[in-house]
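# Geometric and topological summary
One-letter residues, chain by chain:
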Amino acid sequence: MTTLHTFTLDQLPAMPWKNGGGSTREIACWPPGAGLEDFGWRCSVATVDADGPFSTFAGIDRRILLLAGDGLHLAGEGFDHRLDVPLQPFAFPGEAAIACTRLGGTSTDFNLMTRRGRWQATLTVHAGAVRLAGAPHGLLLAVSGTWRTGAAAPLAAGQGLWWADAAGPAEAVPDAEGGEPRLIAIRLLPV
């Protein structure tokens, strides 16, 4: 039997950063209860309130995408990237020293981190019905519109579900009403 964990972003606890520059809402982490030093994979949403350095994570592959706000300028070892187009993933190594400068006011971003050599992930954004390739671990987040998966109650904007060591939903379909639907889909596979 598939165990799905549902969540609503604004109901997740916000943990302030040590440097005071923002906060993070952890969505899911594997294995359960793992800390920042020993997780296999981790998904979260961060609110960036001030300029400053990103935390470094040796041995971690990171993917980030802008959810709301003016965006961020990320400058690091070998790259100079403007994260200013919503829902466009950007990948970088977790050990890179990165300076983050806001391009305006507060921004909110989605983060996916996987331990290199132990997990591989794909992060895609969908605007219409999608068949989801099976994965033993995964996550769906409705960014806009309402989405039906057949595996749980419909997901409204800001709601999602994740699973681990189970089969996730086979498809996601947006309701016909509701403007421009967008869904983040993540597949996580052990290496």
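Owing to the predicted nature of the structure, the values given are computational and were not obtained by experimental measurement.

What follows deals with the sheet that holds strand 15 (residues 147-148). Reading across the sheet, the 3 strands line up as 13-17-15 and stay open at both edges, with antiparallel pairing between neighbours. Both outer strands of the open sheet, strand 13 (130-131) and strand 15, are each paired with one neighbouring strand and no more.

A few words now on the layout of surface pockets. By volume, the largest pocket amounts to about 730 Å³. Forming the boundary of the largest pocket are 27 residues, of which W17, T24, L36, S55 and F57 lie nearest the centre. Mapped onto the lining of the largest pocket, the elements with two or more residues apiece are strand 2 (15-16), strand 3 (22-30), strand 4 (41-48), strand 6 (60-68) and strand 11 (107-115). For the lining of the largest pocket, the element with the most residues is strand 4, which contributes 4 residues. Grouping the amino acids of the lining of the largest pocket by side-chain chemistry returns 15 nonpolar, 7 polar and 5 charged.

All told, the structure shown has 6 aromatic pairs when counted by the stated rule. Here the aromatic rings of W41 and W162 are separated by 6.0 Å at their centres, their planes lie at 80 degrees, and the arrangement is edge-to-face. Here W162 lies in strand 16 (residues 159-164) and W41 lies in strand 4, a separation of 121 residues in the sequence. Judged by its relative accessible area of 0%, W41 is buried. Looking at W162, the relative accessible area reads 11%, which means it is buried.

What follows covers the pattern of salt bridges. Under the counting rule described, the total for this entry stands at 8 salt bridges. Salt-bridge contacts for R182 lead to E180; the nearest nitrogen and oxygen are separated by 3.6 Å. Within this structure, D61, E95 and R116 form a network of salt bridges that share partners.

Take the sheet that holds strand 14 (residues 137-144) next. Here we have 5 strands laid out as an open sheet, ordered 1-16-14-18-12, and antiparallel in their pairing. Because the sheet does not close on itself, it has two edges, and the strands there are strand 1 (4-8) and strand 12 (119-126). Averaged over all neighbouring strand pairs, the angle between strand axes comes to 15 degrees, with direction disregarded. Pairing of strand 14 with strand 18 (residues 182-190) involves 7 bridges; the strand directions are antiparallel. Residue pairing for strand 18: L140 is matched across the bridge by A185.

Of all hydrophobic cores here, the largest spans 23 residues; its most connected members are I27, F110, L139, W162 and I186. Excluding residues within four positions of it along the chain, L139 makes contact with F7, I27, C43, F110, L161, W162, W163, I184, A185 and I186. In terms of nonpolar packing, the next biggest core, distinct from the first, is built from 13 residues, I64, L83, F90 and F92 among them.

Attention shifts here to the pairing of strand 4. Among the 8 residues in strand 4, 7 count as buried, and that is most of the element. As paired elements, strand 3 and strand 4 share 8 bridges and run antiparallel to each other. Directly across from E26, in strand 4, lies its bridge partner S44. Here 8 bridges tie strand 4 to strand 11, and the two strands are oriented antiparallel to one another. For V48, the partnering residue across the bridge sits in strand 11 and is S107.

Criteria and thresholds
- Residues numbered from 1 in each chain as written.
- Predicted model: local features only at pLDDT ≥ 70, side-chain atom pairs only at ≥ 80, totals over all residues.
- Heavy atoms only, no water.
- Pairing = 2+ DSSP bridges.
- Helix = DSSP H or I, 4+ residues; strand = E, 2+ residues; numbered from the N terminus.
- 1 Å grid on protein atoms, 1.4 Å probe; cavity = no way out; pocket = protein on both sides within 12 Å on 5 of 7 lines; lining within 4 Å.
- Points joined across faces, edges and corners; volume = space filled by probe spheres on them.
- Nonpolar A, V, L, I, M, F, W, Y, C, P; charged D, E, K, R; others polar.
- Phe/Tyr/Trp six-rings, centres within 6.5 Å; stacked < 30°, edge-to-face > 60°.
- Buried < 20%, exposed > 50% of the residue type's maximum accessible area, 1.4 Å probe, protein only.
- Salt bridge = Lys/Arg side-chain N within 4 Å of Asp/Glu carboxyl O.
- Axes fitted to C-alpha atoms, helices over the stretch in contact; angles between N-to-C directions.
- Core = buried A, V, L, I, M, F, W, Y, C linked by side-chain atoms within 4.5 Å.
- Contact = heavy atoms within 4.5 Å.

Limitation: the analysis is restricted to geometry and does not speak to function.
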